[in-house]
Amino acid sequence: MQNITLYGTVDKLTEIYTELETMAKNNGLKFQAEGDKSRWTSIHLKEKKLFGAKLEIEFVAKRKVQDAAFFQQHLQEMMNLLARIETEHDQAREQLMTMTRQVECGIGITTNSLEAFTPVLAVTTRKIQGFMFYQGIFYDPELVRLLDVEGNSDLEDATPQPEQLERKQRSETALQALGVKVLDRLPVLPLAQQTTLRSQEEVVQRAIALAIVAIKGETNDDALVQQVTHTYQANAFFSPLERKFLMQALPSDKERAQLTWRYESLWVLLWALGYVDTLDAPTQLCPVPEAVGYLREAGSFDKFMQGATLRSASEILEACDWIYRADWACMNALLKQQEPPAGFNGSVVYERHYALNWLINYQNQDWDHVTTDT
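A. The arrangement of the overall build of the protein in detail. Tallying secondary structure elements over the protein gives 14 helices and eight strands in all. Taking 2.2 N^0.38 as the reference for a compact globule, 374 residues should give roughly 21 Å; the C-alpha atoms of the protein span a radius of gyration of 23 Å, in line with that estimate. Taking the principal axes of its C-alpha atoms as reference, the protein extends roughly 70 × 50 × 40 Å. Out of the 374 residues in the protein, the part that is buried amounts to 46%. Sequence-distant contacts in the protein: of pairs separated by 6 or more residues, those separated by 24 or more amount to 68%. Surface accessibility of the protein: about 19,100 Å² in total, with carbon and sulfur atoms responsible for 50%. Averaging the coordinates of the 37 positive side-chain charges in the protein and doing the same for the 51 negative ones gives two points 5 Å apart.

B. Representation of the environment of Leu210. When you line up the elements, Leu210 lands in helix α6 (residues 200–219). Among the residues examined, Leu210 registers a relative accessible area of 0% and is labelled buried. Along the backbone, Leu210 and Phe238 are 28 residues apart, and their C-alpha atoms lie at a distance of 8.3 Å. Apart from residues no more than four positions distant in its own chain, Leu210 is found in contact with Glu242, Arg262, Ser265, Leu266, Leu269 and Trp367.

C. Representation of the nonpolar core. One finds Ile208, Leu270, Phe304, Leu356 and Leu359 to be the most contacted residues of the largest nonpolar core, which totals 69 residues. Examining the composition of this core, we find that 12 residues originate from one element, helix α13 (residues 313–335), more than from any other. Apart from the residues lying within four places of it in its own chain, the contact partners of Leu356 are Val268, Trp271, Ile316, Ala319, Cys320 and Ile323.

D. Structural view of the packing of α6 against helix α10 (residues 262–272). Between α6 and α10, the shortest axis-to-axis distance is 8 Å and the interhelical angle comes to 155°. Between α6 and α10, the interaxial angle falls into the category roughly antiparallel. Where α6 crosses over α10, the handedness of that crossing is left-handed. On α10, the residues touching Val203, Arg206, Ala207, Leu210, Ala211, Val213, Ala214, Ile215 and Glu218 of α6 are Arg262, Tyr263, Ser265, Leu266 and Leu269. Per-class residue counts for the contact of α6 with α10 are 10 nonpolar, one polar and three charged.

E. Fine view of the pattern of salt bridges. Applying the stated criterion across every chain, the model contains 19 salt bridges. The salt bridge partner of Lys168 is Asp184, with a shortest N-O separation of 3.1 Å. Placement of the pair is Lys168 in helix α5 (residues 162–177) and Asp184 in the loop between α5 and α6, with a sequence separation of 16 residues. Looking at Lys168, the relative accessible area reads 9%, which means it is buried. Residue Asp184 is classed as exposed on the basis of its relative accessible area, which comes to 56%. We note a salt bridge from Arg262 to Glu351, for which the minimum N-O separation is 2.8 Å. Taken together, the residues Arg262 in helix α10 and Glu351 in helix α14 (residues 346–359) connect sequence positions 89 residues apart. In terms of burial, Arg262 and Glu351 fall into one category: buried. Salt bridges here are not isolated pairs; linked through shared partners, they connect Glu15, Glu19 and Lys127.

How each quantity is defined
Residues numbered from 1 in each chain as written. Predicted model: local features only at pLDDT ≥ 70, side-chain atom pairs only at ≥ 80, totals over all residues. Heavy atoms only, no water. Helix = DSSP H or I, 4+ residues; strand = E, 2+ residues; numbered from the N terminus. Rg over C-alpha atoms; globule rule 2.2 N^0.38 Å. Buried < 20%, exposed > 50% of the residue type's maximum accessible area, 1.4 Å probe, protein only. Contact = heavy atoms within 4.5 Å. Areas by Shrake-Rupley, 256 points an atom, 1.4 Å probe, with all protein chains shown as cover. Lys, Arg positive; Asp, Glu negative; His and termini not counted. Charge placed at Lys NZ, Arg CZ, Asp CG, Glu CD. Core = buried A, V, L, I, M, F, W, Y, C linked by side-chain atoms within 4.5 Å. Axes fitted to C-alpha atoms, helices over the stretch in contact; angles between N-to-C directions. Parallel < 35°, antiparallel > 145°, perpendicular 65-115°, else oblique. Left-handed = near helix turned anticlockwise from the far one by under 90°. Nonpolar A, V, L, I, M, F, W, Y, C, P; charged D, E, K, R; others polar. Salt bridge = Lys/Arg side-chain N within 4 Å of Asp/Glu carboxyl O.

This is the structure in C-alpha cells:
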C-alpha cells in the first residue's frame, strides 16, 4: 500500500466528498463513507470486479477547525522539518513554509495503486489550494517537486528584478523614516507585468459588497441593507461568509464588530478605483461617511462603475509592498507585547493588507480565504 498526504489552505472537503461520490458511481467503485457530507472523516473506494486485483483507496480527512491541537503539533513538526532541510532553494522552502502556516485541512490517502489515482490527486490538491507530501517529497498540484528532504527542487529560484528591489527599498525607507523597524529578508512582491489584478468590475462589486456588510455590522438595520442591496443590484456580489452573516437576524456583537471593520477594506478599494486620492498612514480609522458617500452619490451600480478608473498594477503593488512590511512590524510588536509602531492601528493595517492582497490575486485566493502572511 502507498501513502500520500494532501494539505489544503482552503477547506473544500464537502465538495471533494461530492466529487469522489460521483467518481465512484461513474467508474463502478463501491463508495463507503464515515460521517455526513459536510463532516466526513473517511471515505473508502473499492472496485466491484470479481477477479483480479481490486483498486482500493482510503481517504481520511482532518479539519483544523475540529482538531486544532493535532494540527498545531503536526504543522509545527513540518515547519521544523522544512527549517532543517539544507538547500539552496530558499524561495521554494519559503513558499512551503508560507502554505504550511495557512493549512486548514488535510487528507491522508492510502491506496494499492497510486498511479491509477494520480489525476484525481492533482485535481483535489488544486481545489484545496495546497500541496502533497509523498516519500519525502513535497509536490504542487501539477506534481512538480517543490522540495524534498535532500534539499532538491524542480523550481527555479528567480533572481529579484530591479523593479522589485527598488519597490522594496522605497517601502523600507519610508517606514524607517517613521521609526518603524523593517525586516530586510522579507521577500519581494511580483513584477507588475506578472501580476493579474482583479478586474474593475470585480473591484466595484467587492466594494459594494463590503459597504453593505459593514453597514449591517454597524447598524444591524436589515431594511437598510435590503434597500442598498436592491439599489446596487448586489445580490450576487457577496462571498459565502458574507451571505451567511447578512442572513442572521441577530448576529453576535463579535461578528458585527468584525464586519464593521470592512469599512477599512472598502477604503482601500475606493482608492484602487480612483475615488480616494491617497492612502494615508494607517493611524486613524477611515472617514466612514465619505466612504459610503461615494456610493450614495453614484446612486446605481452603473454610475459607480462609470466613475471608477482602476489604478495600475505598479501603483497597487507599491501600496501592497508597503503595507506588507508595515504589517510585519505590527505583528512583531504584538509578539513582543508592544504597541504597534509609529501610532499605527493594527486592525487598519490588517484590513488594508487583506484588501490589497485580494487586489493582486495573492495565491489566487477568494475573498473569504485571503491571507496576510508576514
